[in-house]
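Per-entry structural report
Listed below are the residues making up each chain.
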Amino acid sequence: VVSTQSTEAVVSTQSTGCVAVNYNVYNVAKGKSFYGPGGPYEILAGKDGSRMLALMSLDKSDIREGWDDLSDLTPFQRDSLNDWVIKFESRYQKVGKLIKARE
């Protein structure tokens, strides 16, 4: 994660309420009723939610461990993900960016 805030603030995503969407990390703390405990999207808290949002799924099996390049998304799924990006950009502060770890 490359952060516009301190790295520690972004890494501790569960407590700060961050969600990554299309490689951007957003502080969703003000949406805690959605992303906090018991919220409908709590599964996304502290995760890269890109694939799940693109697929319109909240199924744990759609979470990818490690880097997800999203290259297998269909055009419809990419459009869906882009719609989510617009929603997140209009509602939440961008606090960082996901980057692929060196192998």
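Residues numbered from 1 in each chain as written. Predicted model: local features only at pLDDT ≥ 70, side-chain atom pairs only at ≥ 80, totals over all residues. Heavy atoms only, no water.

Here the focus is the environment of Lys32. In this fold, Lys32 is placed in helix 3 (residues 32–35). Here the alpha-carbon distance between Lys32 and Gly17, two residues 15 residues apart in the chain, equals 7.3 Å. (Helix = DSSP H or I, 4+ residues; strand = E, 2+ residues; numbered from the N terminus.)

The next point concerns helix 5 (residues 75–91). Relative to the 24 Å expected for 17 residues at 1.5 Å per residue, helix 5 spans 25 Å between its end C-alpha atoms, a close match to the ideal helical length. Among the residues making up helix 5, those that are buried are Gln77, Ser80, Leu81, Trp84, Val85 and Phe88. For helix 5, the arc enclosing every buried residue in end-on projection is 150 degrees, short of the 170-degree limit, so these residues lie on one face. Facing away from the buried side of helix 5 by over 90 degrees, the exposed positions are Pro75, Phe76, Ile86, Glu89 and Ser90. Here the buried face of helix 5 lies against strand 2 (18–21), strand 3 (24–27), helix 3 and helix 4 (50–55). (Expected span 1.5 Å × (residues − 1). Buried < 20%, exposed > 50% of the residue type's maximum accessible area, 1.4 Å probe, protein only. Arc of directions from axis to C-beta. Contact = heavy atoms within 4.5 Å.)

Another point: the pattern of salt bridges. What the rule picks out here adds up to three salt bridges. A salt bridge links Arg51 to Asp68; its shortest N-O distance comes to 2.7 Å. Of this pair, Arg51 sits in helix 4 while Asp68 is found in the loop between helix 4 and helix 5, placing the two residues 17 residues apart along the sequence. The same class applies to Arg51 and to Asp68, which are both buried. Asp72 serves as the salt-bridge partner of Arg51, at 2.7 Å between the closest nitrogen and oxygen. Placement of the pair is Arg51 in helix 4 and Asp72 in the loop between helix 4 and helix 5, with a sequence separation of 21 residues. Note on Arg51: relative accessible area 5%, which makes it buried. A relative accessible area of 47% places Asp72 in the partly exposed class. (Salt bridge = Lys/Arg side-chain N within 4 Å of Asp/Glu carboxyl O.)

On to the packing of aromatic side chains, then. On inspection of all chains with the given rule, the structure shows ten aromatic pairs. Look at Tyr26 and Phe88: their rings are 5.5 Å apart centre to centre, the planes differ by 50 degrees, and that puts the pair in the tilted class. Taken together, the residues span a long stretch of sequence, with Tyr26 in strand 3 and Phe88 in helix 5 at a distance of 62 residues. Judged on exposure class, the residue Tyr26 and its partner Phe88 are both buried. Relative to Trp84, the ring of Tyr41 has its centre 6.1 Å away and its plane inclined at 75 degrees; by these criteria the two rings are edge-to-face. Taken as a pair, Tyr41 in the loop between helix 3 and helix 4 and Trp84 in helix 5 lie far apart in primary sequence, 43 residues in all. Following the ring pairs from residue to residue traces out a cluster consisting of Tyr26, Phe34, Tyr35, Tyr41, Trp84, Phe88 and Tyr92. (Phe/Tyr/Trp six-rings, centres within 6.5 Å; stacked < 30°, edge-to-face > 60°.)

The values are spatial; any link to function lies outside them.
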